[in-house]
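Structure at a glance
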Amino acid sequence: MGEAKNARDEEFQTFVVASWPRLLRTAFLLAGEQYAAEDLVQSAAEKACAAWSKVRRADDPYAYVRRILVNQHARRWRRRPPELLVDAVPDTAGSEDGFARSDQRGALLAALATLPPRQREAVVLRYWEDLSDSQTATAMGCSVGAVRSHAAKGIGRLRQVSALGELKDRTEIGGAV
């Protein structure tokens, strides 16, 4: 039994180490501050650890933990006022993506901070996590129609921000500007 527990613990640790940078980036975009993002990921990891036998049997364990993370963020948002995006996006262990390379990162973060929490969640999950509408709906715990509505409204608000008008990579804010 001790060997099985050690193997399970090692499997969980391997999963968390591999997933941490991506979860931290998503949490940062949702929460708005580095310390809040770290707390959010830690809380999601604790819940995943407690339910690891169920998480590891899921079709996509990362999606399962991401859903925990989004739910944790929603619970915290209900209790506190929204946070402000003030720091730079955390380094994700050298991973290269359009967002990390963007010269307009500051303007994008400031614009993202103006979105209501559900719109921010929809935009982050759809366009940064590159999830489908149905995957985003599952992660947010709502309907596909609600995801489309929140994402469309969020992208609409982002398009109105003049500082983002200069973005050349159309995928940065979810489509044509």
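We now turn to the structure provided with this report. Fair warning: this is a prediction, and the values are worked out from it, not measured in the lab.

How each quantity is defined
All residue numbers refer to positions counted from 1 along the written sequence of the respective chain. Selection of residues for local features in this predicted model requires a pLDDT of at least 70, selection of side-chain atom pairs for listing and counting requires 80 or more, and totals for whole chains, interfaces and linings are taken over all residues. Remark: hydrogens and water are excluded; side-chain values derive from all non-hydrogen atoms of the structure. Under the scheme used here, helices are H or I runs from DSSP no shorter than 4 residues and strands are E runs no shorter than 2 residues, and both carry numbers assigned from the N terminus. Note on definitions: a residue-residue contact is assigned when non-hydrogen atoms from the two residues lie within 4.5 Å. Axes, fitted as lines to C-alpha atoms, cover a helix only where it is in contact. Angles between the N-to-C directions of the axes lie from 0 to 180 degrees. When an angle is under 35 degrees it counts as roughly parallel; over 145 it counts as roughly antiparallel; between 65 and 115 it counts as roughly perpendicular; any other value is oblique. Note on convention: the crossing is left-handed when the near helix lies turned anticlockwise from the far helix by less than a right angle, right-handed when the turn is clockwise. Any two of the Phe, Tyr and Trp rings considered here, Trp counted by its six-membered ring, make a pair once their centres fall within 6.5 Å; the pair's planes then place it as stacked at under 30 degrees, edge-to-face at over 60, or tilted in between. Buried, partly exposed and exposed residues are distinguished by accessible area as a fraction of the type maximum, computed with a 1.4 Å probe on protein chains only: under 20%, between the cut-offs, and over 50%, respectively. Put simply, a charge is over a ring when the Lys NZ or the Arg CZ is close to the ring centre, within 6 Å, and near the line of the ring normal, within 35 degrees. The definition of a polar contact used here is a pair of N or O atoms within 3.5 Å, where within protein one atom must be able to donate a hydrogen and the other to accept one, and adjacent residues in sequence count solely through side-chain atom pairs. What makes a nonpolar core is a set of buried Ala, Val, Leu, Ile, Met, Phe, Trp, Tyr and Cys residues whose side-chain atoms join them at distances within 4.5 Å. Here a salt bridge means any side-chain nitrogen of Lys or Arg lying within 4 Å of a carboxyl oxygen belonging to Asp or Glu.

Quick notes on the environment of Phe15
Among the structural elements, Phe15 can be located in helix 1 (residues 2–31). Spatially, the C-alpha atom of Phe15 lies 9.4 Å from that of Arg56, the residues being 41 residues apart in sequence. Sequence-distant contacts of Phe15, that is, excluding residues within four places in its chain, are made with Trp52, Pro61, Tyr62 and Val65.

Regarding the packing of helix 7 (residues 117–128) against helix 8 (residues 133–140)
Each pair of packed helices can be summarised by the angle the axes make with each other and by the distance between the axes. Viewed as axis vectors pointing N to C, helix 7 and helix 8 meet at an angle of 135 degrees, and their least axial separation amounts to 10 Å. What the angle tells us is that helix 7 and helix 8 run oblique. Taken as a pair, helix 7 and helix 8 cross one another with a handedness that is right-handed. When helix 7 is examined against helix 8, the residues Arg118, Glu121, Ala122, Leu125 and Arg126 are found in contact with a partner set consisting of Asp133, Thr136, Ala139 and Met140.

Details of the packing of aromatic side chains
A full pass over the atoms with the stated rule returns two aromatic pairs. Consider the rings of Phe12 and Trp52, whose centres lie 5.2 Å apart with planes at 75 degrees: the pair is edge-to-face. Of this pair, Phe12 sits in helix 1 while Trp52 is found in helix 3 (residues 52–57), placing the two residues 40 residues apart along the sequence. Here Phe12 falls in the buried class, since its relative accessible area comes to 14%. With relative accessibility at 4%, the residue Trp52 sits in the buried group. Ring geometry for Phe15 versus Trp52: centroids 5.2 Å apart, planes at 45 degrees, classification tilted. Taken together, the residues Phe15 in helix 1 and Trp52 in helix 3 connect sequence positions 37 residues apart. Linked through ring pairs, Phe12, Phe15 and Trp52 together constitute an aromatic cluster. Residue placement shows Arg126 over the ring face of Tyr127; its charged tip is 5.4 Å from the ring centre.

Remarks on unusual backbone geometry
A positive phi angle, near 60 degrees, is found at Asp130, a position not held by glycine. Mapped onto the elements of the fold, Asp130 is located in the loop between helix 7 and helix 8. By relative accessible area, Asp130 is classed as exposed at 64%.

Quick notes on the side chain of His73
Tracing the backbone shows His73 in helix 4 (residues 61–79). Only 3.0 Å separates the side chain of His73 from the side chain of Glu121, close enough to count as a polar contact.

Regarding the nonpolar core
One finds Leu29, Val65, Leu69, Leu112, Val123 and Trp128 to be the most contacted residues of the largest nonpolar core, which totals 41 residues. The set of elements that each furnish at least two residues to this core consists of helix 1, helix 2 (34–50), helix 3, helix 4, helix 6 (105–113), helix 7, helix 8 and helix 9 (144–159). With 10 residues, the top contributor of residues to this core is helix 1.

Examining the pattern of salt bridges
Applying the stated criterion to the full structure yields seven salt bridges. Ionic pairing is found between Glu129 and Arg66, a salt bridge with its closest N-O pair at 3.4 Å. One end of the pair, Glu129, is in the loop between helix 7 and helix 8; the other, Arg66, is in helix 4, and 63 residues separate them in sequence. Across the pair, Arg66 and Glu129 agree in class, each one buried. It is possible to trace a salt-bridge network through shared partners that takes in Arg22, Arg66 and Glu129.

Some words on the packing of helix 8 against helix 9
Relative orientation of the contacting elements helix 8 and helix 9 amounts to 100 degrees, with a least axis distance of 8 Å. Relative to helix 9, the element helix 8 lies roughly perpendicular. Taking contact as the criterion, the partners of Asp133, Ser134, Thr136, Ala137 and Met140 in helix 8 are, on helix 9, Val144, Val147, Arg148 and His150.

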